[in-house]
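Observations on the three-dimensional arrangement
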Amino acid sequence: MSLAFYAMHSTFSDPGELGGHYAGLPRDPARLARIARDLIVHRVEGGLFDHTHPHDRLHNDAETRYIDDILRLLVARNDAPLHMRREVGDRFVGTCRDFSLLHCSFLRQAGIPARIRSGFADYFGSDGFHCDHVVTEYWDEERGWLFADAQLADPGITAHWNVDFDPVDVPRDRFLVAGKAWRAIREGGADPRAFGLHPPEEGPFWGERFVAGNIRLDLAALNKVETLLWDEWGMDEGKPGTPLSEAARELYDRAAQVAGDEVPFDEARALFTEDDTLRTPKTVLCSAPYNGPSQVTLR
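A brief structural summary. (Residues numbered from 1 in each chain as written. Predicted model: local features only at pLDDT ≥ 70, side-chain atom pairs only at ≥ 80, totals over all residues. Heavy atoms only, no water.)

**Focus: the sheet that holds strand β9 (residues 283-288)**
As summarised here, the arrangement of the three strands in space is β8-β9-β10, forming an open sheet in which the pairing is antiparallel. Looking at the sheet topology across the chains shown, the edges are occupied by β8 (231-232) and β10 (292-297). Where β9 meets β10, six bridges bridge the pair, whose relative direction is antiparallel. Looking at β10, one finds that T283 is bridged to T297. (Pairing = 2+ DSSP bridges. Helix = DSSP H or I, 4+ residues; strand = E, 2+ residues; numbered from the N terminus.)

**Structural notes on the packing of aromatic side chains**
When we look at a pair of aromatic rings, we describe it by the centre distance and by the angle of the planes. In the structure shown here, the tally under the stated rule is 14 aromatic pairs. A ring pair is formed by F120 and F195, whose centres lie 5.8 Å apart and whose planes are at 90°; its orientation type is edge-to-face. One end of the pair, F120, is in strand β3 (residues 114-121); the other, F195, is in strand β7 (residues 195-196), and 75 residues separate them in sequence. Each member of the pair, F120 together with F195, is buried. Members of the aromatic cluster, joined through ring pairs, are F5, Y6, W139, W145 and F265. Positioned over the ring face of Y6 is R115, at 4.8 Å from the centre of the ring. Over the face of the ring belonging to F5 we find K224, whose NZ or CZ atom lies 4.2 Å from the ring centre. (Phe/Tyr/Trp six-rings, centres within 6.5 Å; stacked < 30°, edge-to-face > 60°. Buried < 20%, exposed > 50% of the residue type's maximum accessible area, 1.4 Å probe, protein only. Lys NZ or Arg CZ within 6 Å of the ring centre and 35° of its normal.)

**Focus: the pattern of salt bridges**
Applying the stated criterion across every chain yields a total of 27 salt bridges. Between R85 and D38 there is a salt bridge whose closest N-O contact spans 3.9 Å. Taken together, the residues R85 in the loop between α4 (67-77) and β2 (92-94) and D38 in the loop between α2 (29-37) and β1 (40-42) connect sequence positions 47 residues apart. With a relative accessible area of 44%, R85 lands in the partly exposed category. When salt bridges with common partners are traced through the structure, they connect R115, R117, E137, R172, K180, D218 and D261 into a single cluster. (Salt bridge = Lys/Arg side-chain N within 4 Å of Asp/Glu carboxyl O.)

**Let's talk about the nonpolar core**
Proteins that are soluble and globular tend to have nonpolar side chains buried together. Grouped together as the largest cluster of nonpolar side chains are 78 residues, with contacts concentrated most on Y22, L39, L102, F106, W182, F195 and Y252. Top element by residues in this core is helix α8 (residues 207-222). It accounts for nine residues. When sequence neighbours within four positions are dropped, the list of residues in contact with F195 reads F120, F129, H130, L176, A181, I185, A190, W206, G207 and V211. A121, F124, V135 and V177 belong to the second largest nonpolar core, which has 12 residues in total. (Core = buried A, V, L, I, M, F, W, Y, C linked by side-chain atoms within 4.5 Å. Contact = heavy atoms within 4.5 Å.)

**Remarks on the layout of surface pockets**
Space inside the largest pocket adds up to approximately 1200 Å³. Mapped by element, the contributors of at least two residues to the lining of the largest pocket are β4 (130-140), α8 and β8. No other element matches α8, which puts six residues into the lining of the largest pocket. Across the lining of the largest pocket, the residue classes break down as 21 nonpolar, 12 polar and 10 charged. (1 Å grid on protein atoms, 1.4 Å probe; cavity = no way out; pocket = protein on both sides within 12 Å on 5 of 7 lines; lining within 4 Å. Points joined across faces, edges and corners; volume = space filled by probe spheres on them. Nonpolar A, V, L, I, M, F, W, Y, C, P; charged D, E, K, R; others polar.)

**A closer look at the pairing of β3**
Burial analysis of β3 places eight of its eight residues in the buried class, the great majority of the element. Here eight bridges tie β3 to β4, and the two strands are oriented antiparallel to one another. When the sheet's bridge partners are listed, R117 is paired in β4 with V135.

**Quick look at the packing of helix α7 (residues 178-186) against α8**
At their nearest, the axes of α7 and α8 sit 8 Å apart, and the two run at 150° to each other. Judged by the inter-axis angle, α7 sits roughly antiparallel to α8. Between α7 and α8 the crossing geometry is left-handed. Taking contact as the criterion, the partners of A178, G179, A181, W182 and I185 in α7 are, on α8, E208, V211, A212, N214, I215 and D218. Taken together, the residues of the contact of α7 with α8 break down into seven nonpolar, two polar and two charged. (Axes fitted to C-alpha atoms, helices over the stretch in contact; angles between N-to-C directions. Parallel < 35°, antiparallel > 145°, perpendicular 65-115°, else oblique. Left-handed = near helix turned anticlockwise from the far one by under 90°.)

**Points about empty space enclosed by the protein**
Across all of its chains, the model carries two cavities of 30 Å³ or more by this definition. Residue lining of the largest cavity: R97, I116, S118, L217, A221, V225, E226, T227 and L229, and that is the complete set. When contributions to the lining of the largest cavity are tallied by element, the ones reaching two or more residues are β3 and α8. Tallied by class, residues from the lining of the largest cavity come to five nonpolar, two polar and two charged. Its boundaries defined by the atoms lining it, the second largest cavity holds a volume of some 40 Å³. Around the second largest cavity, the lining residues are R209, A212, G213, R216, M235, D236, L244 and Y252. A per-element tally of the lining of the second largest cavity places α8 first, with four residues. Here the residues of the lining of the second largest cavity sort into four nonpolar, one polar and three charged.

Structure follows, in structure tokens:
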């Protein structure tokens, strides 16, 4: 049942009336990852492509939650078939979530079970810091669930980060799903300062509170609610960088058992459905990095 669930679109991954643009796309996960990579440029990658993102795209593209709206932007900028590589100026200016959700959408459209996973990657540097990141997890008939990082699918980007693995077979010790990162801190003695959006000296978005937020995002994605990374709900009271309450720690201890490498499907569904803190409400607080906070009602 779980494979059938993940082979079907969510509200977020459904191309809707733009689905005709998927006609002729390959089924191969690696080729689909490269196609997604060539349609999107990350907000922080302008320098890598010797390109300056227009102000409005830098601020607004990545506030686009739904694949049909992302496709509308792409087609308006360049209506060529999706498999054709876009010049950087024609691409959607997004984040890791957008690479992964588009890849996931392609896979689901092809009937391949796929889901996005929130967690922490150690390959965007060499200092041991685990950076906030999102990848696609897809079903391989021979090997089971595999991680794919469509953001790395351009060889130039792979080389820039000195990545020494196949982008559609990311090792599970290089990308830690949020629950696994939480357990590494709580049970394995890992330094919470080594997990976050950035190291502690650069701001408050690190440590157990940030990892807990990623568990919430990951559990939602496992239930096919693939929100923006800065959509917030069910937060334990407190400022970024401050410790969680013991009650919150106990809740995330439970959630981390579900949002790990092995996902007990029925438990993931039940926990998300039944817990008011973890379940995504209809209206979320969007703390947009450039545009500031606002209340957003989801579809």
